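Below are the chains, spelled out letter by letter.
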Amino acid sequence: MSVSRPPPAADRHSLPDASGHFGVYGGVFVPETLMTALEELTAAYTEAKGDPKFQAELRHHLKEFAGRPTELYFAERLTQHAGGAKIYLKREDLLHTGAHKINNALGQALLARRMGKQRIIAETGAGQHGVATAAVCAKFGLDCTVYMGAVDMERQALNVFRMRLMGAKVVAVESGQKTLKDAVNEAMRDWVTNVRVTHYILGSALGSHPYPMMVRDFHRVIGQELREQMVAREGRLPDEIVACVGGGSNAIGVFFDFLDETNVKLTGVEAGGRGIKRGEHAARFEGGRLGVLQGGKTYILQNEDGQIELTHSVSAGLDYAAIGPEHAYYRDLQRIQFAYATDDEVLATFQLCSRLEGIIPALESTHALVHALKRAKEMSPDQILVVNLSGRGDKDVQQVQRMLG
Ligand SMILES: *Cc1c(COP(=O)(O)O)cnc(C)c1O
């Protein structure tokens, strides 16, 4: 493979289209009362995106507050262990607050400030997006309310404390299963009521347009850095990039600037949970089908009547019934491949990575590692595989300790 130059500054991908669609996926499926807010947000974001001052400000905070650029790390012992391709880790786990989520939280907080909105709301599942949002709100002096399922609050008590410490109000959601999906519903209800003064910082490349596009754009920095670092280090692009996929934000962020590089294989890894049986996993491409959930059209785990299925994963960040619409689009085009990893595989590899590299990965990111180790074995030593290590596992050690007995 030859050395590629960085892509031109202008977007080569024009999707989503003006109506927010990636082919049949995406779009705007919200109550009438939110249409104006979403149109206003799309206009404000489009303007900000083209404003060099906004981009410079964002770059400044990504460096100084979040800790970018993140390292591209050669995982020598995991490479030896697999006995095939060279394995590199893109170290998003080293970012402030522990995961890639801060990239998007910073971008949207700056946008809210630019729109003159002083009040921020967000949903959170495990609490990672809530913590990132609380941190940027503290930094910029914005009023912050985070909706979180009551069950999740109990499971992730430490993250609730972190958010409150940084000045956020955490509201317990007692409806439905009292988890992430219900927290999103509650956040949308709040937004409808308070939209004039409030910006909703959605945490993944999901939901209604413009969120899938905007969240993707705020995470593109991952792939842009990776491209530069890989060319500087190896004089070429990698053969494959692997990332875990919950809503899909870290994955589309690292993939996007490689979409035109057809020699670079792109693989998303979903949560296989306790195996591909109804209600036991969150692999939307294993048994999910087209539907609408929380503002956008995409692959969803649902029953015959369109009721959302229960999902399960050892990692809360991948435990969601819908996948970002752009992933569904590129899967149809066979540009992004998908696989899944089970809870058991993840637990084993969580320990392996910790022991061999001295890096404790987030359980979410470990899904990508599981698949990468299988792939590396099938590849030759002159090939290169990159894993996007989306977050660190400090938040998971208690849970893993309990599971290991
Ligand atoms: C939230 C989270 C994810 C899943 O979200 P995506 O939008 O799919 O990236 C993955 N890894 C970590 C560490 C997370 O906190």
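Summarised in this report is the structure supplied together with it. It should be emphasised that the depicted structure is a prediction, and the values quoted were computed from it without experimental measurement.

Conventions adopted
Residues numbered from 1 in each chain as written. Predicted model: local features only at pLDDT ≥ 70, side-chain atom pairs only at ≥ 80, totals over all residues. Heavy atoms only, no water. Near = heavy atom within 4 Å. Polar contact = N/O pair within 3.5 Å; in protein donor to acceptor, adjacent residues only side chain to side chain. Areas by Shrake-Rupley, 256 points an atom, 1.4 Å probe, with all protein chains shown as cover. 1 Å grid on protein atoms, 1.4 Å probe; cavity = no way out; pocket = protein on both sides within 12 Å on 5 of 7 lines; lining within 4 Å. Sits in = over half its atoms within 2 Å of the grid points. Nonpolar A, V, L, I, M, F, W, Y, C, P; charged D, E, K, R; others polar. Domains from an automatic or database assignment. Pairing = 2+ DSSP bridges. Helix = DSSP H or I, 4+ residues; strand = E, 2+ residues; numbered from the N terminus. Axes fitted to C-alpha atoms, helices over the stretch in contact; angles between N-to-C directions. Contact = heavy atoms within 4.5 Å. Phe/Tyr/Trp six-rings, centres within 6.5 Å; stacked < 30°, edge-to-face > 60°. Buried < 20%, exposed > 50% of the residue type's maximum accessible area, 1.4 Å probe, protein only. Lys NZ or Arg CZ within 6 Å of the ring centre and 35° of its normal.

The local shell around the ligand holds 18 residues, among which Lys-101, Ser-204, Gly-246, Ser-249 and Ser-390 are the closest. Between the ligand and Ser-204, the relevant distance is 2.6 Å, taken from an oxygen atom to a side-chain nitrogen or oxygen of the residue. The contact in question runs from an oxygen atom of the ligand to an N or O atom on the backbone of Gly-246, over 2.7 Å. In isolation the ligand exposes 380 Å². Once the protein is present, 96% of that is buried. In this structure the site holding the ligand corresponds to the largest cavity. Residue composition of the shell around the ligand, by class: five nonpolar, 11 polar and two charged. Lining the shell around the ligand are residues from two domains, each supplying at least three of them: domain 1 (30-63 + 101-211) and domain 2 (67-98 + 214-404).

Before going further, it helps to spend a moment on the sheet that holds strand β13 (residues 336-342). In space, the six strands of this open sheet follow the order β3-β4-β14-β9-β10-β13, with mixed pairing throughout. Each edge of the sheet is formed by a strand with only one pairing partner; in this case those strands are β3 (72-74) and β13. Ignoring which end each strand starts from, the neighbouring axes of this sheet average 30 degrees apart. Both strand β9 (residues 240-244) and strand β14 (residues 384-389) contribute to a ladder of three bridges, which runs parallel. Looking at the pairing, Glu-240 lines up with Leu-385 of β14. Each of β3, β4 (86-91), β9 and β14 touches helix α9 (residues 211-234); the most contacted strand, β4, lies at about 140 degrees to it. Contacts from helix α12 (residues 343-357) reach β3, β10 (265-273) and β13 within the one sheet, and its direction differs from that of β13 by about 90 degrees.

The next subject is the packing of aromatic side chains. Summed over the entire model, instances satisfying the criterion amount to nine aromatic pairs. For the ring pair Trp-191 and Tyr-200, a centre distance of 5.9 Å and an interplane angle of 70 degrees mean the geometry is edge-to-face. For the pair shown, Trp-191 and Tyr-200 are each scored as buried. Relative accessible area serves as the criterion here: at 2%, Tyr-200 is assigned to the buried category. One aromatic cluster in this structure is built from Tyr-25, Phe-285, Tyr-299 and Phe-338. A cation over an aromatic ring shows up here: Arg-227 above the ring of Phe-258, its NZ or CZ 5.6 Å from the ring centre. Note that Arg-331 overlies the ring of Tyr-299, its terminal NZ or CZ placed 5.5 Å from the centroid.

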